[in-house]
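The residues making up each chain are set out below.
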Amino acid sequence: IEGLEGAGLGSLRQLYLANNQIGVIEGLRGLPALQLLELGSNRIRSVQNVEHLATLEELHLGRNKLTQLLGLQSLCHLRVLGVASNRLRSLEGVGALTQLRELYADHNGITSLAPVAGLTRLDTLDLGKNRVEALDACAGLVQLEERWLSDNAMGTVEQLAPLAALPRLQTLRLAGCPLAASP
């Protein structure tokens, strides 16, 4: 993202760069007050060069070409992460985001929820259109209010048992799961 570093935009709080054919996250060092960064619908293959965005609260990277989420650990104030419609098979890398409240990772190939097990502040978790079969890692997410699991591999009511430990759960979406097709 050429030219932003020296553009004198140091007080900028929100930056929307969706649909710009961006391939690499770079050129954001001159934005120390940035709180929201929208980079959806680009060509980004990896999360890099974000370690200096200390005030970032929202990061949207949906509809890119991400295969992993490494490089996020320095974003200690991140509350919202959107990584829908990428090429993710794992959520490895999100475990360090202890302030995260909303995670949107639908339309990927994610199978395990283990990386989110310690994200106890999560209140919204969207994992629709993935390959999730087990929910055991969710038992400690006591702040969770919304859980989207549509079009996953939930085939039996027993697989939903870990959700009973979630006292705030209000919304559960299971459309398109084998469970939803059961008589």
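Keep in mind the model is a prediction, meaning the values are calculated, not measured.

Q: Mind showing me how you'd approach the packing of aromatic side chains here?
A: Where two aromatic rings form a pair, the distance of their centres and the angle of their planes describe that pair. Across all of its chains, the model carries zero aromatic pairs by this definition. Above the ring of Trp148, the side-chain terminus of Arg173 is found at 4.5 Å from the ring centroid.

Q: Whenever I open this one, unusual backbone geometry confuses me. Can you help?
A: Trans is the prevailing form of peptide bonds, just as negative phi is the prevailing case for residues other than glycine. Here Asn19, not a glycine, exhibits a phi torsion of approximately 60°, which is positive. Along the chain, the position of Asn19 falls in the loop between β1 (14-16) and β2 (36-38). The exposure class of Asn19 is exposed, given its relative accessible area of 62%.

Q: Just checking my understanding: could you explain the pattern of salt bridges for this structure?
A: Note on pairing: side chains with opposite charge can pair once their charged atoms come close. All told, the structure shown has three salt bridges when counted by the stated rule. Between Arg29 and Glu51 there is a salt bridge, with the nearest N and O atoms lying 3.4 Å from each other. Here Arg29 is found in the loop between β1 and β2, whereas its partner Glu51 is found in the loop between β2 and β3 (58-60), with 22 residues between them in sequence. The residue Glu57 makes a salt bridge to Arg79 at a minimum N-O spacing of 3.5 Å. Of the two residues, Glu57 sits in the loop between β2 and β3 while Arg79 sits in the loop between β3 and β4 (80-82), which places them 22 residues apart along the sequence.

Q: How do you make sense of the side chain of Arg147 when you look at a structure like this?
A: Its location among the elements puts Arg147 in strand β7 (residues 146-148). The side chain of Arg147 sits in the buried core without any salt bridge; Asp126 is the nearest counter-charge, 7.8 Å away. Not counting the four nearest positions on each side in its chain, Arg147 is found in contact with Leu113, Leu125, Leu127, Leu135, Cys138, Leu163, Leu169, Thr171, Leu172 and Arg173.

What counts, and where the lines are drawn
- Residues numbered from 1 in each chain as written.
- Predicted model: local features only at pLDDT ≥ 70, side-chain atom pairs only at ≥ 80, totals over all residues.
- Heavy atoms only, no water.
- Phe/Tyr/Trp six-rings, centres within 6.5 Å; stacked < 30°, edge-to-face > 60°.
- Lys NZ or Arg CZ within 6 Å of the ring centre and 35° of its normal.
- Helix = DSSP H or I, 4+ residues; strand = E, 2+ residues; numbered from the N terminus.
- Buried < 20%, exposed > 50% of the residue type's maximum accessible area, 1.4 Å probe, protein only.
- Salt bridge = Lys/Arg side-chain N within 4 Å of Asp/Glu carboxyl O.
- Lys, Arg positive; Asp, Glu negative; His and termini not counted.
- Contact = heavy atoms within 4.5 Å.

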